[in-house]
Amino acid sequence: SGPDSANKTSRLDTAQVNAAARRKLEEAQRLYDSAYRDYVKGQYALAQQGFSQYVQTFPESDLADNAQYWIGECNYSQKKYEEAIQVFQIVLTQYPDGEKAPGALLKMSYAQLALGRTPAAKENLERLLVMQGLVLDDRLEVRTQAFVAELGGLFGALLVVGHRLFFGLQDVLQ
């Protein structure tokens, strides 16, 4: 017992803390990955459970905003548009600077469209363009799928640009 034994104890404590932290990170990643696999398989209720558990267990993690977003996607995929809107709003409120904020705003707009709330959807798509630092001018020519023709004009262009921003799909504009 002396200074050397105190240093050894301190090093052991630090190693134990590091090992516990590493196990917690691995557990978090496993839970997130499992929930995401369930989502990809179309098991939305199960995926939603997993993502909800993730958010509750690891609310401060780097993937908490992603998990919250995927809860919204689970609702959206089940055509639970009202619930999806509420969850996407949580993403925007709790994680306004998170990487999923633009996607949440876009998918909230889609859910609003599905519920016939076109003015709210248009407002959110305009917010998305501002969030992304984009401005549309009158010369923007967009040839797209049938939904743009139905929505028409600037709103259709906003929808397509928002979709491209989020998904990076080249085939939306042809």
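Residues numbered from 1 in each chain as written. Predicted model: local features only at pLDDT ≥ 70, side-chain atom pairs only at ≥ 80, totals over all residues. Heavy atoms only, no water.

## Quick look at the overall build of the protein
Next, step 1: Broken down by element type, the protein carries eight helices and zero strands.
Next, step 2: When the helices and strands of the protein are read in sequence order from the N terminus, they spell out α-α-α-α-α-α-α-α.
Next, step 3: Buried positions account for 37% of the 174 residues belonging to the protein.
Next, step 4: Restricting to contacts in the protein with at least 6 residues of sequence separation, those with at least 24 account for 51%. (Helix = DSSP H or I, 4+ residues; strand = E, 2+ residues; numbered from the N terminus. Buried < 20%, exposed > 50% of the residue type's maximum accessible area, 1.4 Å probe, protein only. Contact = heavy atoms within 4.5 Å.)

## Brief notes about the packing of aromatic side chains
Next, step 1: Tallying each qualifying case throughout the model produces 10 aromatic pairs.
Next, step 2: Between Tyr39 and Trp70, the ring centres sit 4.8 Å apart and the planes meet at 55°, which makes this aromatic pair tilted. Of this pair, Tyr39 sits in helix 1 (residues 3-40) while Trp70 sits in helix 3 (residues 64-77), and the two are 31 residues apart along the sequence. Across the pair, exposure class does not vary: Tyr39 and Trp70 are buried alike.
Next, step 3: An aromatic cluster is present here, built from Tyr36, Tyr39, Tyr44, Tyr69, Trp70 and Phe88 joined pairwise through their rings.
Next, step 4: Above the ring of Tyr76, the side-chain terminus of Lys107 is found at 4.3 Å from the ring centroid. (Phe/Tyr/Trp six-rings, centres within 6.5 Å; stacked < 30°, edge-to-face > 60°. Lys NZ or Arg CZ within 6 Å of the ring centre and 35° of its normal.)

## Thoughts on the confidence of the model for the protein
Next, step 1: Mean pLDDT over the protein: 78, with 66% of residues reaching 70 or higher.
Next, step 2: Note that pLDDT drops below 50 for residues 135-150; the model gives that stretch 21 contacts with residues more than four away or on any other chain. (pLDDT = per-residue confidence, 0-100.)

## Here we look at the nonpolar core
Next, step 1: In terms of nonpolar packing, the biggest core is built from 32 residues, with Phe51 and Tyr54 touching the most fellow members.
Next, step 2: If you list the elements that add at least two residues to this core, you get helix 1, helix 2 (44-57), helix 3, helix 4 (81-94), helix 5 (101-114) and helix 6 (118-131).
Next, step 3: Excluding its chain neighbours within four sequence positions, the residues that come into contact with Phe51 are Tyr32, Ala35, Tyr36, Tyr39, Ala67, Trp70, Ile71 and Cys74. (Core = buried A, V, L, I, M, F, W, Y, C linked by side-chain atoms within 4.5 Å.)

## Focus: helix 5
Next, step 1: In this model helix 5 runs 20 Å from its N-terminal to its C-terminal C-alpha over 14 residues, within 8% of the 20 Å that 1.5 Å per residue would give.
Next, step 2: With respect to burial, helix 5 is a largely interior element, 12 of its 14 residues being buried.
Next, step 3: By the burial criterion, the buried members of helix 5 are Ala101, Pro102, Gly103, Ala104, Leu105, Leu106, Lys107, Met108, Ser109, Tyr110, Ala111 and Gln112.
Next, step 4: Of the residues one or two after helix 5, Gly116 is the one with positive phi, at around 80°. (Expected span 1.5 Å × (residues − 1).)

## Overview of the packing of helix 4 against helix 5
Next, step 1: Look at helix 4 against helix 5: their axes get within 9 Å of each other, and the N-to-C directions meet at 155°. Relative to helix 5, the element helix 4 lies roughly antiparallel. Once helix 4 is placed against helix 5, the crossing between them reads as left-handed. Judged by residue contacts, Tyr81, Ile85, Phe88, Gln89, Val91 and Leu92 of helix 4 engage Ala101, Ala104, Leu105, Lys107, Met108, Ala111, Gln112 and Ala114 from helix 5.
Next, step 2: Of the residues belonging to the contact of helix 4 with helix 5, the class tally is 11 nonpolar, two polar and one charged. (Axes fitted to C-alpha atoms, helices over the stretch in contact; angles between N-to-C directions. Parallel < 35°, antiparallel > 145°, perpendicular 65-115°, else oblique. Left-handed = near helix turned anticlockwise from the far one by under 90°. Nonpolar A, V, L, I, M, F, W, Y, C, P; charged D, E, K, R; others polar.)

## A short note on the environment of Arg127
Next, step 1: With respect to the helices, strands and loops of the structure, Arg127 is situated in helix 6.
Next, step 2: For the pair formed by Arg127 and Leu105, sequence separation is 22 residues and the distance between their alpha carbons is 8.1 Å.
Next, step 3: Ignoring anything within four residues of it in the chain, the contact list for Arg127 reads Leu92 and Leu105.
Next, step 4: Within the structure, the side chain of Arg127 is placed 2.9 Å from the side chain of Asn124, a separation counted as a polar contact. (Polar contact = N/O pair within 3.5 Å; in protein donor to acceptor, adjacent residues only side chain to side chain.)

## A short note on the environment of Gln43
Next, step 1: Locating Gln43 in the fold gives a position in the loop between helix 1 and helix 2.
Next, step 2: Its relative accessible area of 37% is what places Gln43 among the partly exposed residues.
Next, step 3: Separated by 31 residues in the primary sequence, Gln43 and Cys74 have C-alpha atoms spaced 8.7 Å apart.

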